[in-house]
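What follows is each chain in one-letter form.
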2 protein chains.
Amino acid sequence: MGADLPDQERQRQQDGSDVARRGLMLVLSSPSGAGKTTLSRMLLERDPALELSISVTTRKPRPGEVEGRDYHFIDGRTFDAMVARGDLLEWAEVFGSRYGTPRKPVEQALAMGRDVLFDIDWQGTQQLREKGRDDLVSVFVLPPSIPDLEARLRTRAQDADDVIRARMSKAANEMSHWAEYDYVVINRDVWRAFDDVCAILAAERLKRERQTGLSAFVRALQAEL
Amino acid sequence: MGADLPDQERQRQQDGSDVARRGLMLVLSSPSGAGKTTLSRMLLERDPALELSISVTTRKPRPGEVEGRDYHFIDGRTFDAMVARGDLLEWAEVFGSRYGTPRKPVEQALAMGRDVLFDIDWQGTQQLREKGRDDLVSVFVLPPSIPDLEARLRTRAQDADDVIRARMSKAANEMSHWAEYDYVVINRDVWRAFDDVCAILAAERLKRERQTGLSAFVRALQAEL
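Residues numbered from 1 in each chain as written. Chains lettered and ligands numbered in written order. Predicted model: local features only at pLDDT ≥ 70, side-chain atom pairs only at ≥ 80, totals over all residues. Heavy atoms only, no water.

When you look at the interface of chain A and chain B in this model, what are you seeing that I'm missing?
Put simply, an interface is often sized by how much accessible area is lost when its parts join up. Residue-level contacts link 41 residues of chain A with 41 residues of chain B. Of all residues in chain A, Leu-206, Arg-208 and Leu-225 of chain A give up the largest surface area on contact with chain B, accounting jointly for 18% of the area buried on that side. The interface formed by chain A and chain B holds zero salt bridges in total. At the boundary of chain A and chain B, one finds twelve residue pairs in polar contact (both at pLDDT 80 or more). Mapped by element, the contributors of at least two residues to the side of chain A that touches chain B are helix H6 (146-156), helix H7 (161-175), strand E9 (183-186), helix H8 (190-205) and helix H9 (214-224) of chain A. Considering each element in turn, the side of chain A that touches chain B owes the most residues, seven residues, to H9 of chain A. Residue classes in the side of chain A that touches chain B are distributed as 26 nonpolar, six polar and nine charged. (Contact = heavy atoms within 4.5 Å. Buried area = accessible area lost by both parts, 1.4 Å probe. Salt bridge = Lys/Arg side-chain N within 4 Å of Asp/Glu carboxyl O. Polar contact = N/O pair within 3.5 Å; in protein donor to acceptor, adjacent residues only side chain to side chain. Helix = DSSP H or I, 4+ residues; strand = E, 2+ residues; numbered from the N terminus. Nonpolar A, V, L, I, M, F, W, Y, C, P; charged D, E, K, R; others polar.)

So, in structure tokens, the structure goes:
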């Protein structure tokens, strides 16, 4: 307990509340084209207590990508060592490159009462669920309709029809995992969906078991009576 | 399933969404003077999908109280019969009068996707928790400080000091039950606390298991692909 105090103190100063809390892990997943990435960006812009988890990857940086902002770029041997030490909360291989979520920054953030946002798919979420347990809050974003999904996939990239078709078919598969999530948001309107996700985040922060300073707070109240 | 369809249809029309949902039971509890009654009134005024549970009671109506709005006033024999038939979700005796929550209107509301608000204490909540299970969302409202609590108790009623002291002592006892609730809201500012409770209600409505129409919704999406 004593060792946590400086962190809790800092957290109290940050959000102006009197009660220390443990952070949470917010996962947003969706089939591509359902608006997850837009919602993630909006959340991060609006909420200073929320930070994005930065993945490690073994692939080379693409033009414009910045180390430490987009990814931590590491070699395969370092990646292997992280897996072996249990330093990754989840990892996957995609087209021959590996991607993973480092455990340590997440645990530090949670202990300080900061929340961490994960923009990952259902496979990553399944691994995170095992390790994150009560810290995990998972939200699945669905498109309102298939024409809407297709329109968004077409606007986003001027891809050939067969690429769009492949994405649509992948979306159908991804969509089947909605039932593994705590919350489901239908993205009819991006502002309404944003309000929904903000409400989920606000409510989850008010969960009794996350407000780790409540015992002390109530004890102080009762001592005055 | 078939028998539920008309209700679900009606609910869909009410809130303009495409997905049928099951209602929830929202319990607000607090020591008296912490603002629970004000918050309940604000919620009911703002949210047409939320209705207040009307208790039955064996006591006589006070001046200004309206049958069916404040309480359903019934005699002791009728109350006994309701208890015997299991028609009450919770009940208690206070100063020789009995008060209880009728089960039927609550179950009808939940099945139609409407939410029910309960302004009850920790003893009623304990009984409701047993019967309401996954439908129950419980929120405990705490005062920010003891001087604040005392000020509110003094403003509300011009009572003698010993009455105030008795209330304060009761408040200390009530407060000790915060740890039985799902959420805890500290009422530093009534508008901020109201936002907190609104966020909890909005989030709980987005819980996957409450959105009973989601399977059908996703199935329809996938059929289009």
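So what exactly am I meant to see when it comes to the pattern of salt bridges here?
Any two side chains of opposite charge can pair, given that their charged atoms come close. Within the structure shown, the criterion is met by 30 salt bridges over all chains. For Glu-51 of chain A, the salt bridge identified is with Arg-114 of chain A, shortest N-O distance 2.1 Å. Placement of Glu-51 of chain A in strand E2 (residues 50-52) and of Arg-114 of chain A in the loop between helix H4 (103-111) and strand E7 (115-119) is noted, with a sequence separation of 63 residues between them. Among the residues examined, Glu-51 of chain A registers a relative accessible area of 27% and is labelled partly exposed. Residues Glu-204 of chain B and Arg-210 of chain B are paired through a salt bridge, measuring 2.6 Å at the closest nitrogen-oxygen approach. A relative accessible area of 5% places Glu-204 of chain B in the buried class. What makes Arg-210 of chain B buried here is its relative accessible area of 5%. Through salt bridges with shared partners, a single network forms among Arg-21, Asp-47, Asp-115 and Arg-205 of chain A. (Buried < 20%, exposed > 50% of the residue type's maximum accessible area, 1.4 Å probe, protein only.)

Which parts of the structure should I look at to understand the nonpolar core?
For soluble globular proteins, the rule of thumb is that nonpolar side chains tend to be buried together. In this structure, Leu-26 and Leu-43 of chain A together with Leu-26 and Leu-43 of chain B are the most contacted members of the largest nonpolar core, which totals 44 residues. Ignoring anything within four residues of it in the chain, the contact list for Leu-26 of chain B reads Leu-43, Val-116, Leu-117, Phe-118, Val-137, Val-139, Val-197 and Leu-201 of chain B. (Core = buried A, V, L, I, M, F, W, Y, C linked by side-chain atoms within 4.5 Å.)

Please clarify how H4 of chain A should be interpreted in this entry.
Because each turn of an α-helix spans 3.6 residues, side chains separated by three or four positions in sequence point in the same direction. All names here are of chain A. Val-106, Ala-109 and Leu-110 are the residues of H4 that are buried. The buried residues of H4 all sit within an arc of 100° when viewed along its axis, so they share a single face. Along its buried surface, H4 packs onto strand E1 (25-29), E2, strand E5 (88-94), strand E6 (97-102) and E7. Count one or two residues on from H4 and you reach Gly-113, which has phi positive near 80°. (Arc of directions from axis to C-beta.)

Hey, could you run me through the sheet that holds strand E3 (residues 56-57) of chain A in this one?
Whether parallel or antiparallel, the strands of a sheet pair through hydrogen bonds between backbone atoms. Residues and elements named next belong to chain A. As summarised here, the arrangement of the four strands in space is E4-E3-E6-E5, forming an open sheet in which the pairing is mixed. Every interior strand has two partners, whereas the edge strands, strand E4 (72-73) and E5, have only one. The sheet contact formed by E3 and E4 spans two bridges and is parallel. Each residue of the ladder has a partner; that of Val-56, found in E4, is His-72. Sitting on the sheet, H4 is in contact with E5 and E6, with an inclination near 25° to E6. (Pairing = 2+ DSSP bridges. Axes fitted to C-alpha atoms, helices over the stretch in contact; angles between N-to-C directions.)

For this particular structure, what's the right way to read the pairing of strand E5 (residues 88-94) of chain B?
Residues in a regular strand point their side chains to alternate faces of the sheet. Residues and elements named next belong to chain B. When E5 meets strand E6 (residues 97-102), the two strands line up antiparallel, connected through six bridges. Pairing of Trp-91 across the sheet is with Gly-100, part of E6. Between E5 and the antiparallel strand that follows it, E6, lie two residues; Phe-95 among them carries a positive phi value of about 50°.

Help me out: how do you make sense of the packing of helix H2 (residues 36-46) of chain A against H8 of chain A in this one?
Geometry of a packed helix pair, given as the angle between the helix axes and the separation of the axes. Residues and elements named next belong to chain A. Contact pair H2 / H8: the axes reach a minimum separation of 10 Å and the direction vectors enclose 55°. Between H2 and H8, the interaxial angle falls into the category oblique. Here H2 and H8 pass one another in a crossing that is right-handed. On H8, the residues touching Thr-38, Leu-39, Met-42, Leu-43 and Arg-46 of H2 are Val-190, Trp-191, Ala-193, Phe-194, Val-197, Cys-198 and Leu-201. Grouping the amino acids of the contact of H2 with H8 by side-chain chemistry returns ten nonpolar, one polar and one charged. (Parallel < 35°, antiparallel > 145°, perpendicular 65-115°, else oblique. Left-handed = near helix turned anticlockwise from the far one by under 90°.)

What is the right way to read the packing of aromatic side chains from this model?
Residues and elements named next belong to chain A. Per the stated rule, a full pass over the model turns up ten aromatic pairs over all chains. For the pair Phe-140 and Tyr-181, a centre-to-centre distance of 4.9 Å together with 55° between the ring planes defines the contact as tilted. Taken as a pair, Phe-140 in strand E8 (residues 136-142) and Tyr-181 in the loop between H7 and E9 lie far apart in primary sequence, 41 residues in all. Across the pair, Tyr-181 and Phe-140 agree in class, each one buried. (Phe/Tyr/Trp six-rings, centres within 6.5 Å; stacked < 30°, edge-to-face > 60°.)

Before we go on, may I ask you to explain the side chain of Ser-53 of chain A in this structure?
All names here are of chain A. Relative to the helices and strands, Ser-53 is located in the loop between E2 and E3. Here Ser-53 falls in the buried class, since its relative accessible area comes to 15%. Contacts of Ser-53, omitting those with residues within four sequence positions, involve Thr-101, Val-116, Leu-117 and Phe-118.

Teacher, can you tell me more about the pairing of strand E1 (residues 25-29) of chain B here?
All names here are of chain B. Extensive coverage of E1 is indicated by the burial of five of its five residues. Judged by which residues are buried, E1 turns out to be covered on both faces: Met-25, Val-27 and Ser-29 on one side and Leu-26 and Leu-28 on the other are all buried. Direction of pairing for E1 relative to strand E7 (residues 115-119): parallel, over a ladder of four bridges. Paired with Met-25 across the two strands is Val-116, which belongs to E7. Alignment of E1 against strand E8 (residues 136-142), held across five bridges, turns out to be parallel. Pairing of Met-25 across the sheet is with Leu-136, part of E8.

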